[in-house]
Amino acid sequence: MLFNSLQFYIFFPITVLVFFLLPHRARWFWLLIASCYFYMAFVPIYLLILCFTIFVDFVAGILIENSQGRRRKVFLTISILANVGALAFFKYFNFFNENLASIASWLHWNYPIGALSILLPIGLSFHTFQSMAYTIEVYRGNQKAERHLGILALYVLFFPQLVAGPIERPQHMLHQFHEKHNFDYTQVTDGLRQMMWGFFMKIVIADRLAHLVNPVFNHPADYPGPILLLATLAFAYQIFCDFAGYTNIAIGAAKVMGFRLMKNFDRPYSSRSIAEFWRRWHISLSTWFKDYLYIPLGGNRVSSRRRDFNLMVTFLISGLWHGANWTFIVWGALHGIYLVVALRTASIRAGLVHTLGLDRLPRLLGAIQIVVTFSLVSFAWIFFRANTLADALYIITHLFSGYDLINLKLLSEQIFATLGNNLQLKILFPNLNGIHVGLIVLVELVLLEVAQWWQQRSGTTGIEQLLVRKPFLLRWGLYYAMIFNILLLGVFEQSAFIYFQF
């Protein structure tokens, strides 16, 4: 079920209403049923995969807690193999099989194994990592084994963050399902405000930008460099607003019922380095890799060469986690290279900053660092979004070609016109053209950045906290303006969230 669907607009208020009407002892069961229904709205049969891994982890958690010595590691290994095995089969079997077939063909060997006709279960990578976090934390002694199978199932299946996170830790989430959550007007309104902001990011900005990004990246050879560059920058904001929008809706939906989900984004495009970017982008995933992969490999407590190796392994696996395609692997490798180069050149860059006198101009230095970081991130996004490596390389090699002003004007009008698809504003202003629509989208992006800057400056943790401090008339005026904005400029095509494919 998509958050931006009529089905969810009916499902969510009914779920919340029944949740608060039921006695505390029955609420977990209602949420579990609702979450199963939510997931089954995609492909019902795939719920069985989650049920299998949940049962394995439930038994493994108890056995780990009750065992000593090597037996604990054996039970943890069984749990990890069950989770990773399911992920590997559904997500990576065809990818590795195709690559093996290509190698065999190149060597003129006979390779009899064909591709499997299987669909990737929605959000399987998220389920897997959340389940693995549970047994790992039990093994480490940071979490007691859950004796209630239904509560553990709810920890994995909780519908707000079921499909695309945040990837929660058991010590932060499990106890919340045992606690009683009374109706709290402040929490409900805070949650609804955050959901509204998430819908604005998704429906108004991300889905509108998709009308520009998708045609260009699906047929890059049809467009000159300026349009390729524009689409690259547009995708940077599309994926941010799409994923951060989902996260805001998820956190807000959970908050309405009294549950607290972790923050997953913190103005990532204001980062001054790639390391800072990964402390602000998809925080639940980056901390997962740090705690469960990078640090166990040795982290930065080893030689510089081994540290570089640890970083590259972590980001290569992160790229593969995102998708079974070489484009994602290259994307992960790029970020690993960025970090390794940054660490290796730290003293050189510090010296250059001092020589140029930029250390005496902190605001200018900060602006330069933000622009450089955003440029590097946007360059890597090309591989993330491109359908193939060949498409990505074409875009990169043609970004700065084809600057013919006459043809560019015609192409600009054509590409901006796609932004106006299903634009309700055209009903009121039928003469609206593509350039006007492009300016409207630009204004929306400026509003987004201003809101994020305002939030950071005021020291609030979320947009909902920013609004609640305002006077009554101003606050409600902003609410109605936001709702009007969504209804007038939103794209109501029920497009899936980008991270659903992972």
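What counts, and where the lines are drawn
Residues numbered from 1 in each chain as written. Predicted model: local features only at pLDDT ≥ 70, side-chain atom pairs only at ≥ 80, totals over all residues. Heavy atoms only, no water. Helix = DSSP H or I, 4+ residues; strand = E, 2+ residues; numbered from the N terminus. Buried < 20%, exposed > 50% of the residue type's maximum accessible area, 1.4 Å probe, protein only. Contact = heavy atoms within 4.5 Å. Core = buried A, V, L, I, M, F, W, Y, C linked by side-chain atoms within 4.5 Å. Expected span 1.5 Å × (residues − 1). Salt bridge = Lys/Arg side-chain N within 4 Å of Asp/Glu carboxyl O. pLDDT = per-residue confidence, 0-100. Polar contact = N/O pair within 3.5 Å; in protein donor to acceptor, adjacent residues only side chain to side chain. Arc of directions from axis to C-beta. Phe/Tyr/Trp six-rings, centres within 6.5 Å; stacked < 30°, edge-to-face > 60°. Axes fitted to C-alpha atoms, helices over the stretch in contact; angles between N-to-C directions. Parallel < 35°, antiparallel > 145°, perpendicular 65-115°, else oblique. Left-handed = near helix turned anticlockwise from the far one by under 90°. Nonpolar A, V, L, I, M, F, W, Y, C, P; charged D, E, K, R; others polar. Patch = residues over 30% accessible without salt bridge, like charges linked within 9 Å, V, L, I, M, F, W, Y side chains within 5 Å. Areas by Shrake-Rupley, 256 points an atom, 1.4 Å probe, with all protein chains shown as cover.

Attention now moves to the overall build of the chain. Secondary structure summary: the chain contains 21 helices and 0 strands in total. The C-alpha extent of the chain, read off along each of the three principal axes, is 70 × 65 × 55 Å. Counting all 502 residues of the chain, 53% fall into the buried class. Considering only contacts in the chain between residues 6 or more positions apart, those separated by 24 or more positions represent 74%.

A word on the environment of Leu149. Tracing the chain through its elements places Leu149 in helix 6 (residues 149-157). Classification of Leu149 as partly exposed rests on a relative accessible area of 37%. The sequence separation of Leu149 and Ser375 amounts to 226 residues, and the corresponding C-alpha distance is 47 Å. Among all residues touching Leu149, those that are not within four sequence positions of it are Ile54 and Phe58.

Grouped burial of nonpolar side chains is what soluble globular proteins tend to show. If you look at the biggest cluster of nonpolar residues, it comprises 140 residues, and the most contacted ones within it are Phe8, Phe158, Tyr269, Trp281, Trp381 and Tyr499. Ranked by the residues each element gives to this core, the list is headed by helix 9 (residues 225-256), at 19 residues. When residues no more than four places from it in sequence are discounted, the contact partners of Phe8 are Met1, Leu2, Phe3, Pro13, Phe38, Phe159, Met195 and Phe199.

What follows concerns helix 12 (residues 304-322). In this model helix 12 runs 27 Å from its N-terminal to its C-terminal C-alpha over 19 residues, within 8% of the 27 Å that 1.5 Å per residue would give. For helix 12, the set of buried residues is Arg307, Asp308, Asn310, Leu311, Val313, Thr314, Phe315, Ser318, Gly319, Trp321 and His322. Close packing links the buried residues of helix 12 with helix 4 (70-106), helix 5 (124-140), helix 10 (274-280), helix 11 (283-294), helix 13 (326-344) and helix 15 (362-385).

In total, this model carries 9 salt bridges according to the counting rule given. Here Arg193 ties to Asp190 by a salt bridge, and the two come within 2.5 Å at their closest N and O atoms. Of this pair, Arg193 and Asp190 both sit in helix 8 (residues 185-218), separated by 3 residues, roughly a single helical turn. Residue Arg280 pairs with Glu276 through a salt bridge whose shortest N-O separation is 2.8 Å. Highlighted residues: Arg280 and Glu276, both in helix 10, separated by 4 residues, approximately one helical turn. An identical accessibility class is assigned to Arg280 and Glu276; each is buried. Among the charged side chains, a network of salt bridges with common partners joins Lys202, Asp207 and Asp242.

Our focus in this paragraph is the confidence of the model for the chain. With 91% of its residues at a pLDDT of 70 or more, the chain shows a mean pLDDT of 88. No element of the chain has a lower mean pLDDT than helix 17 (residues 405-419), at 63, and none a higher one than helix 13, at 96.

The exposure class of Glu276 is buried, given its relative accessible area of 15%. At 2.8 Å, the side chain of Glu276 and the side chain of Arg280 are in polar contact. Beyond its immediate sequence surroundings of up to four residues, Glu276 is in contact with Ser270 and Ser271.

A separate point is helix 7 (residues 170-178). The set of residues buried in helix 7 consists of Pro170, Met173, Leu174, Gln176 and Phe177. Taken around the axis of helix 7, the buried residues stretch over an arc of 155°, which confines them to a single face. Residues of helix 7 that are buried make contact with helix 5 and helix 6.

Evaluation of the coordinates by the stated rule reveals 59 aromatic pairs. Relative to Phe90, the ring of Phe89 has its centre 5.0 Å away and its plane inclined at 90°; by these criteria the two rings are edge-to-face. On the numbers, 5.0 Å between centres and 90° between planes, the contact of Phe328 with Phe384 is edge-to-face. In this pair, Phe328 is assigned in helix 13 and Phe384 in helix 15, connecting sequence segments 56 residues apart. One exposure class covers both Phe328 and Phe384, and it is buried.

Bringing the packing of helix 12 against helix 13 into the picture now. Helix 13 packs onto helix 12 with a crossing angle of 155° between their chain directions and a minimal axis gap of 7 Å. Judged on the interaxial angle alone, helix 13 and helix 12 are roughly antiparallel. Where helix 12 crosses over helix 13, the handedness of that crossing is right-handed. Between helix 12 and helix 13, the contacting residues are Ser304, Arg305, Arg307, Asp308, Leu311, Met312, Phe315, Leu316, Ser318, Gly319, Leu320 and His322 on the first element and Phe328, Ile329, Trp331, Gly332, Ala333, His335, Gly336, Ile337, Leu339, Val340, Leu343 and Arg344 on the second. Taken together, the residues of the contact of helix 12 with helix 13 break down into 13 nonpolar, 7 polar and 4 charged.

Mapped onto the elements of the fold, Glu168 is located in the loop between helix 6 and helix 7. Note: C-alpha distance between Glu168 and Asn97 (71 residues apart in sequence) is 32 Å. Once residues lying within four places of it in the same chain are set aside, the contact partners of Glu168 are Gln130, Ala133, Tyr155, Gln161, Met173, Arg260, Leu261 and Met262. At 2.7 Å, the side chain of Glu168 forms a polar contact with the side chain of His172.

Turning next to a nonpolar patch on the surface. On the surface, Leu439, Leu442, Val446, Val450, Trp453, Trp454, Leu474 and Leu478 cluster together into a nonpolar patch covering about 710 Å² of accessible area. Elements represented by at least two residues in the nonpolar patch include exactly helix 19 (434-458) and helix 21 (472-489). Inspection of the secondary structure puts Trp453 in helix 19. Given the relative accessible area of 45%, Trp453 is considered partly exposed.

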